[in-house]
Amino acid sequence: MSIHQALKQAYTKDPTHKEYILFILCELLQKDKAWIFLNPDFQIDEKIFFDYVDKFLHGEPFEYLFQKTQFYGLDFFVEKGVLIPRFDSEVLLEKCLEILEHHTFKNILEIGFGSGILSICLAKLKKNHIHACDINKKALELAKKNADFHGVSNKIDFQLCDFKNIQGNFDFIFSNPPYIKNDYPLDKWVQNEPHNALFGGDNGWEILHEIILFAKNQNAKVLACEFGYDQKTILQKLLEENGFKASFYKDYSGFDRAFVAWNLKY
Ligand code: GLN
């Protein structure tokens, strides 16, 4: 079938997602949009194309279909069963980079590494050694694969464990934890991501609260976290109660998204 016919037919399946359908074709053919428009008569295997389009329209995220994404300008492998990296998380990464630029730490810990993006970017850009934990076995395999790809495997100690059980003492802790309210209505694509990487409890901020208590018990100097757009007030209160002074930052869409909290003991 020609590109022209295939796109026409695919667009009728869901005209609101034309752009993604076109992306799927670009990705399958490894051509850009301009090439697609200039070659409408090029013959393609429409079965494969429609199969990808149907999977996408039934809620399979684009990143899971093609098993890759980009974060902070770097390429990463992605797999179903592990949270897809979000552009929003670049704010947290940039704050962590700034902290490491100006301070030194004995032991750094990431809670919930997922695909490994944050620890890998920090290890790559700042040369620090990082401990990182997650409870998801698929995440462990994927994060190790990503770390290998970026040549930083020897700088990150990925562990399959709950942060509450981790051994060691950490003076800089960072995390993009699950923080969405359990009953928040997510679109069908996000619902196909691991729920234990997304949902933080009935309020959403319960795991952030546990992380704050953990950081206090660890006597951590700094805690840096991503959080939900409506959680700044409660987090400010929880951080103050536990001896931290925090600065809050917005993401590039203008939503409150990350904090850096300093332990007042230091
Ligand atoms: N640290 C990973 C990320 O930011 C995973 C986060 C998570 O699973 N909640 O994508």
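For clarity, every value in this text was computed on a predicted model and none was experimentally measured. (Residues numbered from 1 in each chain as written. Predicted model: local features only at pLDDT ≥ 70, side-chain atom pairs only at ≥ 80, totals over all residues. Heavy atoms only, no water.)

Considering the state of the cysteines
Logical step 1: Within this structure, the stated rule accounts for zero disulfides.
Logical step 2: Of the cysteine sulfurs around Cys-133, a residue in no disulfide, the closest is that of Cys-161, at 5.0 Å. (Disulfide = S-S within 2.5 Å.)

Points about the pairing of strand β3 (residues 108-111)
Logical step 1: Neither face of β3 is open: one carries Ile-108 and Glu-110, the other Leu-109 and Ile-111, and all of them are buried.
Logical step 2: Examined bridge by bridge, β3 and strand β6 (residues 172-175) share four bridges and lie parallel to one another. Within β6, the position partnered with Leu-109 by the bridge is Ile-173.
Logical step 3: In terms of strand pairing, β3 meets strand β4 (residues 130-134) through three bridges, oriented parallel. In the strand pairing of β4, Glu-110 is matched with Ala-132.
Logical step 4: This β-α-β element, β3 to helix α7 (residues 117-126) to β4, shows right-handed connectivity. (Buried < 20%, exposed > 50% of the residue type's maximum accessible area, 1.4 Å probe, protein only. Helix = DSSP H or I, 4+ residues; strand = E, 2+ residues; numbered from the N terminus. Pairing = 2+ DSSP bridges. Right-handed = clockwise from strand over helix to strand, strands pointing away.)

Some details on the environment of Lys-216
Logical step 1: When you line up the elements, Lys-216 lands in helix α11 (residues 206-217).
Logical step 2: Considering only alpha carbons, one finds Lys-216 and Asn-242, 26 residues apart in sequence, at a separation of 6.6 Å.
Logical step 3: Ignoring sequence-local partners within four residues, the contact set of Lys-216 consists of Asn-242 and Phe-244. (Contact = heavy atoms within 4.5 Å.)

What about the sheet that holds strand β9 (residues 222-226)?
Logical step 1: Overall, mixed pairing links the seven strands, which are arranged β5-β4-β3-β6-β9-β11-β10 in an open sheet. Each edge of the open sheet is held by one strand with a lone partner, namely β5 (156-160) and β10 (244-250). Adjacent strand axes in the sheet meet at a mean angle of 15°, parallel and antiparallel pairs treated alike.
Logical step 2: Strand contacts of helix α6 (residues 90-102): β3, β6, β9, β10 and β11 (256-263), with the helix running at about 165° to β9, the strand carrying the most contacts.
Logical step 3: Each of β3, β6, β9, β10 and β11 touches α11; the most contacted strand, β9, lies at about 170° to it. (Axes fitted to C-alpha atoms, helices over the stretch in contact; angles between N-to-C directions.)

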